[in-house]
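Single-letter residue listing:
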Amino acid sequence: MNLVLFGPPGAGKGTQAKRLVAERGWMQLSTGDMLREARKAGTELGNKVAAIMDRGDLVSDAIVIALIEERLPQAEAAGGAIFDGFPRTVAQAEALDALLEGRGAKIDAVVRLVVDQNELVERMARRAEEEGRADDTVEAFKTRLDNYNAQTAPLIPYYAEQGKVTDVDGMGGIEDVAARIAAALDD
Ligand code: AMP
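Since the model is a prediction, treat every value here as computed from it, not as a measurement. (Residues numbered from 1 in each chain as written. Predicted model: local features only at pLDDT ≥ 70, side-chain atom pairs only at ≥ 80, totals over all residues. Heavy atoms only, no water.)

**Q** Got a sec to walk through the site of the ligand? Specific residues and values, please.
**A** Close contacts around the ligand come from 16 residues, with T31, R36, D57, G85 and R144 the closest. In this structure, an oxygen atom belonging to the ligand sits 3.0 Å away from a side-chain N or O atom of R88. For the ligand, the protein covers 96% of the area, taking 480 Å² as the surface of the free molecule. Sorting elements by how many residues they give to the shell around the ligand places helix 2 (residues 31-41) first, with 4 residues. Residue composition of the shell around the ligand, by class: 6 nonpolar, 4 polar and 6 charged. (Near = heavy atom within 4 Å. Polar contact = N/O pair within 3.5 Å; in protein donor to acceptor, adjacent residues only side chain to side chain. Areas by Shrake-Rupley, 256 points an atom, 1.4 Å probe, with all protein chains shown as cover. Helix = DSSP H or I, 4+ residues; strand = E, 2+ residues; numbered from the N terminus. Nonpolar A, V, L, I, M, F, W, Y, C, P; charged D, E, K, R; others polar.)

See the structure below:
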């Protein structure tokens, strides 16, 4: 199973991906988590992306595609990949399709978490307090939303043309959203 969890920053992709890992044994592939780990470890890559991430801008396609490529064999062994925060541009989606095709696989489903903008801003403010993420400041969050609308939202028609997109209401509690995702996947 290759599942893309799609949605704007703050939609709950990471939270729901972790639930799917626990429930179904699939592997979460979060490029955001990988980049944050690289920063924490102080690697060359981590240092290179730090300022870009803190501004809320996207790092280069080549960087995130390489991170994903490295982990595909492990995800395959787990029986499934949950792409979380990747792909974020059409170029990334095309690269992912090519990588999967080379392994005799494909994207099976795209679940889009639909959350209204006011709720996103509230969740961001909460997460800034709880996790202290540098890119959860009001300004960086606005940049992230702008980048999402300009560069990532075009992935919806990209995947919709392939008949792969299922919209899931992402409002409300974590359990409720999880139940809706499970229903969509088992459909
Ligand atoms: P996230 O945790 O998914 O919100 O990602 C945090 C930050 O990491 C983003 O704001 C970007 O700066 C960077 N990032 C994560 N995934 C990607 C991606 N697929 N393409 C470009 N930049 C990314």
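**Q** Talk me through the packing of helix 2 against helix 4 (residues 61-78); I want residue IDs and the actual numbers.
**A** In the contact formed by helix 2 and helix 4, the axes pass within 10 Å of each other and the chain directions differ by 100 degrees. If you check the angle between helix 2 and helix 4, you find them roughly perpendicular. In this structure, helix 2 contributes T31, M34 and L35 to the contact, and helix 4 contributes I63, V64, L67, I68 and R71. Taken together, the residues that form the contact of helix 2 with helix 4 break down as 6 nonpolar, 1 polar and 1 charged. (Axes fitted to C-alpha atoms, helices over the stretch in contact; angles between N-to-C directions. Parallel < 35°, antiparallel > 145°, perpendicular 65-115°, else oblique. Contact = heavy atoms within 4.5 Å.)

**Q** Provide a residue-level description of empty space enclosed by the protein, including the pertinent values.
**A** Scanning the model with the defined rule gives 1 cavity of 30 Å³ or more in all. Computed from the structure, the largest cavity encloses a volume of approximately 40 Å³. What lines the largest cavity is Q16, R19, L20, E23, A178, I181 and A182. Broken down by secondary-structure element, the contributors of at least two residues to the lining of the largest cavity are helix 1 (13-24) and helix 9 (174-186). The dominant element in the lining of the largest cavity, judged by the number of residues it contributes, is helix 1, at 4 residues. Considered class by class, the residues forming the lining of the largest cavity number 4 nonpolar, 1 polar and 2 charged. (1 Å grid on protein atoms, 1.4 Å probe; cavity = no way out; pocket = protein on both sides within 12 Å on 5 of 7 lines; lining within 4 Å. Points joined across faces, edges and corners; volume = space filled by probe spheres on them.)

**Q** Could you give an account of helix 4, with specific residues and numbers?
**A** With 18 residues, helix 4 should reach 26 Å at 1.5 Å per residue; the first-to-last C-alpha distance of 25 Å fits that figure. Considering bend angle alone, the principal kink of helix 4 is centred on L72 and spans about 40 degrees; proline P73 follows within four residues of it. For helix 4, the full list of buried residues reads I63, V64, I65, L67, I68, L72 and A75. Among the structural elements, strand 2 (27-30), helix 2, helix 3 (44-55), strand 3 (81-84) and helix 5 (90-102) are those in contact with the buried residues of helix 4. Downstream of helix 4 by one or two residues, G79 has phi in the positive range, about 90 degrees. (Expected span 1.5 Å × (residues − 1). Bend = angle between axes of the 7 residues up to and from the residue. Buried < 20%, exposed > 50% of the residue type's maximum accessible area, 1.4 Å probe, protein only.)

**Q** Which residues make up the sheet that holds strand 3, and what values go with them?
**A** An order of 2-3-1-4-5 is seen for the 5 strands of this open sheet, with the pairing classed as parallel. Either end of the sheet is taken by a strand with one partner, and the two such strands are strand 2 and strand 5 (165-169). Recorded for the sheet is a direction-independent mean angle of 25 degrees between the axes of neighbouring strands. Note: strand 1 (residues 2-6) against strand 4 (residues 109-114), 4 bridges, orientation parallel. (Pairing = 2+ DSSP bridges.)

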